[in-house]
Amino acid sequence: MKIRRPHPVLTATLSGALVLGVLAGCSTAATESTSGTSTTTTTTTSDVASTVSDALVGNEDYTALAALADETWDTSTETTVSLDGDSAAVSGDGATADGSTVTITAPGTYRISGTLDDGQVVVSSEADGVVRLVLDGADITSSTGSAIAVTQADDVSVVLADGSSNNLTDATTYADTGEDAPNAALFSSDAMVISGTGSLNVTGRSNDGIASKDGLVIADGDITVTAVDDGVRGKDYLVLTGGTVDVDAEGDGLKADNEDGTNEDGETVGYAALLGGEVTVASGDDGVHAESELVVDGAAVTVSEAVEGLEAAHILVAGGTVDVTSSDDGFNAAGGTSTTSDEAATSDATDEAPTEAEAPQGGGMPGEAAGDFSLVITGGDVTVDAGGDGLDSNGTLTVSGGDVTVFGPTSAGNGTLDSAGALTVDGGTLLAIGTSSMLQTPGDGSEGWVAATFDTLSAGTELTVVDASGTAVATVTLAKDTQSVVLASPDVTAGEEYTIQAGGADVATVTAGEAPASTGMGGGRP
């Protein structure tokens, strides 16, 4: 009998240095059977709105790893690993059991079932070939380290069997704390893909929940992670193409943390791509963090709690939904060093807030220079509720599609929109609401926009932007106290007059394309 697991079709292409993988908008049907009953699942990929040069790299390692989620195998060749309290038994080749420790030493498929009250599954395979771990009702707890520790393998495929419920819990203190030692409840030193339609509950009591020191792909499954540090971490890359992932982490929620920029083959590393599935994150630091590129296209991403919601040097939202609640910046395109003077880079790195009187054209650091960073939104639905900057880029900020609503800060020292370089809105709709401090408006090349400041309006008030004919071009219920609004929309015509109404009363009348006179700002930063 052969098994085929459902997995969204993904075609990633490499053109030049950095290119977003282009999805063809196709669908595929797949079947899986683990108990003699087949089911058919149809999955459809999303069309990418556009490609940009500073986005996802579809490198060869990633495409080969993602393909493992579609591989088939003959179940008659599986090795069975049966867990039973304080012991385990192995039937088949490639694995041995010593008390409550199972050691896998060769490529192959290993079906793991049962409970280990205090034990481990260790993978140490020197040969080329995939080690496939089929978790089929596996419940593993360790008091000395990881529940599953892959210390050596070519590639690792973790499959959550149909209808199965699986649990992995690591130690609170690890016996081996060396630099290269495992440090997550589900750990791999090599590239790992997780797929299948079962569920997986991971508890990281010492450090991370799920971690790979290479690349990590999540293609399917109902996955819940709780961790005292990072929830889900891939070093070279972290890619989600399907499934449901729910993370509660004291550190970063989802993370790609290779700081090298490129590997020995010249391919970008340290990137994260959320291309499908549903992601929910509550974190004590960044909701989603990537050292290089962070792409959202097709996934439904909710960051319910974070210091900063999404952070990377280059951020692209091309589709899907993103809903962020953060105590500091909602989106933050930052990291590395400035492309201009060292003095400006040092100033930027301090991230201290200027006074309202010092804030230059929209509120960055005085003398701040734009670095090689970008925040680009080409599609999707984006909602941000930020205590700090709403959309923040230490380089450029561009909106060319989608619907973007930003509820920014209520106090001075931060801005709803904060771009060190050009702020351009040339498609889609951007509605930014927050404090009047550090107000920044779209610059040259932007579509029609209006901006207004007014006395503080209370949360819960309905705010409407009305054109000269009395037609509402935008209406929103305020999520927090508000002193300003910036609206960029195809429905706004430069030079025409617009009225801002709150609770049915007029609070400001402005001309499209003109920044509020009291701020002396507008047109973005120089």
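The coordinates are above.
Residues numbered from 1 in each chain as written. Predicted model: local features only at pLDDT ≥ 70, side-chain atom pairs only at ≥ 80, totals over all residues. Heavy atoms only, no water.

S.K.: Just give me the short version of the environment of Gly421, but keep the residues and values in it.
M.R.: Note that Gly421 resides in the loop between strand E36 (417-419) and strand E37 (423-434). On a C-alpha basis, the gap between Gly421 and Asp372 in space is 9.5 Å, while along the polypeptide they are 49 residues apart. (Helix = DSSP H or I, 4+ residues; strand = E, 2+ residues; numbered from the N terminus.)

S.K.: Lay out the sheet that holds strand E43 (residues 505-511) with the relevant residues and their values.
M.R.: Working definition: the strands of a sheet are paired by backbone hydrogen bonds and lie parallel or antiparallel to each other. Read from one edge of the open sheet, four strands run E40-E39-E42-E43, paired in antiparallel fashion. With one partner strand each, in any of the chains shown, strand E40 (472-477) and E43 form the two edges of the open sheet. Adjacent strand axes in the sheet meet at a mean angle of 15° when their direction is disregarded. Examined bridge by bridge, strand E42 (residues 497-502) and E43 share six bridges and lie antiparallel to one another. For Thr499, the partnering residue across the bridge sits in E43 and is Thr509. (Pairing = 2+ DSSP bridges. Axes fitted to C-alpha atoms, helices over the stretch in contact; angles between N-to-C directions.)

S.K.: Please provide a residue-by-residue account of empty space enclosed by the protein, values included.
M.R.: For the structure on display, the rule yields one cavity of 30 Å³ or more. In terms of lining residues, the largest cavity is bounded by Thr416, Leu417, Ala432, Met438, Leu439, Gln440, Ser484 and Val486. Of the residues belonging to the lining of the largest cavity, the class tally is five nonpolar, three polar and no charged. (1 Å grid on protein atoms, 1.4 Å probe; cavity = no way out; pocket = protein on both sides within 12 Å on 5 of 7 lines; lining within 4 Å. Points joined across faces, edges and corners; volume = space filled by probe spheres on them. Nonpolar A, V, L, I, M, F, W, Y, C, P; charged D, E, K, R; others polar.)

S.K.: Give a description of the packing of aromatic side chains that names residues and reports values.
M.R.: This model, assessed by the stated rule, comprises one aromatic pair. Ring centres of Tyr237 and Tyr271 lie 5.7 Å apart, and the angle between their planes is 20°; this geometry places the pair in the stacked category. Here Tyr237 is found in strand E22 (residues 237-249), whereas its partner Tyr271 is found in strand E24 (residues 271-283), with 34 residues between them in sequence. A single burial state applies to Tyr237 and to Tyr271, both of which are buried. (Phe/Tyr/Trp six-rings, centres within 6.5 Å; stacked < 30°, edge-to-face > 60°. Buried < 20%, exposed > 50% of the residue type's maximum accessible area, 1.4 Å probe, protein only.)

S.K.: Provide a residue-level description of the pattern of salt bridges, including the pertinent values.
M.R.: One pass over the structure, following the stated rule, counts nine salt bridges. Among the salt bridges present, the one from Lys213 reaches Asp180, with a minimum N-O distance of 3.2 Å. Linking Lys213 in the loop between strand E18 (208-212) and strand E19 (215-218) with Asp180 in the loop between strand E14 (165-169) and strand E15 (184-188), this pair joins segments that are 33 residues apart in sequence. Its relative accessible area of 59% is what places Asp180 among the exposed residues. In this structure, Lys255 engages Asp230 in a salt bridge whose closest nitrogen and oxygen atoms are separated by 3.5 Å. Highlighted residues: Lys255 in strand E23 (residues 254-256) and Asp230 in the loop between strand E20 (222-227) and strand E21 (232-234), separated in sequence by 25 residues. For Asp230, a relative accessible area of 6% corresponds to the buried category. (Salt bridge = Lys/Arg side-chain N within 4 Å of Asp/Glu carboxyl O.)

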